[in-house]
Amino acid sequence: MYSSSIFDPHFDNFSPQEPQRAPIGVFDSGVGGLTVLRQIYQQLPNESIIYVGDTARLPYGIRSQTEILQFVREILRWMQQQGVKMAIMACNTSSALSLDIVRQEFNFPILGVILPGAKAAVQEGQRIGVIATPATAQSNAYRQAILEIQPNVQVWQVSCPEFVPLIEQNRIHDPYTTEIAKTYLEPLLKQKIDTLVYGCTHYPHLSPVLRSLLPSQVKLIDPAVHVVAACSQELDILGIKNTHPPMPTRFAVSGCPQQFTQSGLQWLGYTPMVEQVCFADAVVS
């Protein structure tokens, strides 16, 4: 995890009397980041959350670094206007392609999912497989992070371009999804992996399918669990963990609110109230 000392300590957008009450911003291209949101509900139940789904521009995993950086800046500017005290990139592609850049541009802490996931993976296994979007796989971000922590492990990555669209279309239990999963896992099974990292926050939604195709001894690593643990630690370091009851989670999407509402009901167990926002209109005052 980053050192909090590199961030400007002035949190200008929320009350200096009670900065702990300010929300945490969580963003993803779509419903994948709901896996992170669920972990926040479990690990940090007092925190207020603003959840952003950039659904009009998904999937991120097939886009260029230039596009991703533009989208991330727009979303973070909008979050800054809402007065967030911290942001979590609940998106591996954004974490891989833009995290280091935007951390230097905004005056609130920004956490990504890759380093927490890599740390968890090396604690569990020696033969590590990573399934990811094309952009994340091509970036080699997981391989680099894992090998920096533990140079003696072996890492194999597989690009899985069809997973995010299938999940967003709620086709988890479609036989076609199982066949695609078999194809993606085959090269990793040939390498006799002992650990599999979800290199996209959408992928835990596929855990029943993936678990059925993997040997029982293969451990599954969900970076969402570990980035929220890192978030909790950082809130403690900064002294801004909320001890009051949270506000209801605010959901904002760039695409169709109704479609996200239906997915949210399935993944969250309640019907979220969703607003539509154009993040490209965000400017810093």
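Before any of the text, the structure's been laid out above.
Residues numbered from 1 in each chain as written. Predicted model: local features only at pLDDT ≥ 70, side-chain atom pairs only at ≥ 80, totals over all residues. Heavy atoms only, no water.

**So, the overall build of the protein chain**
A count of helical and extended segments in the protein chain gives eleven helices and ten strands. In terms of C-alpha radius of gyration, the protein chain reaches 18 Å, essentially the compact-globule figure of 19 Å for 285 residues. C-alpha extents for the protein chain along the principal axes are approximately 55 × 40 × 35 Å. Counting the 285 residues in the protein chain, one finds 55% classified as buried. (Helix = DSSP H or I, 4+ residues; strand = E, 2+ residues; numbered from the N terminus. Rg over C-alpha atoms; globule rule 2.2 N^0.38 Å. Buried < 20%, exposed > 50% of the residue type's maximum accessible area, 1.4 Å probe, protein only.)

**Some points on the packing of helix α4 (residues 114-124) against helix α10 (residues 223-238)**
Direction vectors running N to C along α4 and α10 enclose 115°, while the axes themselves pass 8 Å from each other. In this view, α4 runs roughly perpendicular relative to α10, as classed from their interaxial angle. Regarding α4 and α10, the two cross each other, and that crossing is right-handed. Of α10, the residues touching α4 (which contributes Pro 116, Gly 117 and Ala 120) are Pro 223, His 226, Val 227 and Ala 230. By residue class, the composition of the contact of α4 with α10 is five nonpolar, two polar and no charged. (Axes fitted to C-alpha atoms, helices over the stretch in contact; angles between N-to-C directions. Parallel < 35°, antiparallel > 145°, perpendicular 65-115°, else oblique. Left-handed = near helix turned anticlockwise from the far one by under 90°. Contact = heavy atoms within 4.5 Å. Nonpolar A, V, L, I, M, F, W, Y, C, P; charged D, E, K, R; others polar.)

**Comments concerning the pattern of salt bridges**
Counted according to the given criterion, the structure contains eleven salt bridges. Put simply, Asp 174 and Arg 171 hold a salt bridge, and the shortest N to O gap is 3.0 Å. Classification of Asp 174 as partly exposed rests on a relative accessible area of 24%. The partner of Glu 275 in a salt bridge is Arg 250, with the nearest N and O atoms 2.6 Å apart. Of the two residues, Glu 275 sits in strand β10 (residues 274-276) while Arg 250 sits in strand β9 (residues 250-253), which places them 25 residues apart along the sequence. You can call Glu 275 partly exposed: its relative accessible area is 29%. When its relative accessible area of 30% is taken as the criterion, Arg 250 is described as partly exposed. Look at the salt bridges and you will find they share partners, linking Asp 54, Arg 57 and Glu 74 into a network. (Salt bridge = Lys/Arg side-chain N within 4 Å of Asp/Glu carboxyl O.)

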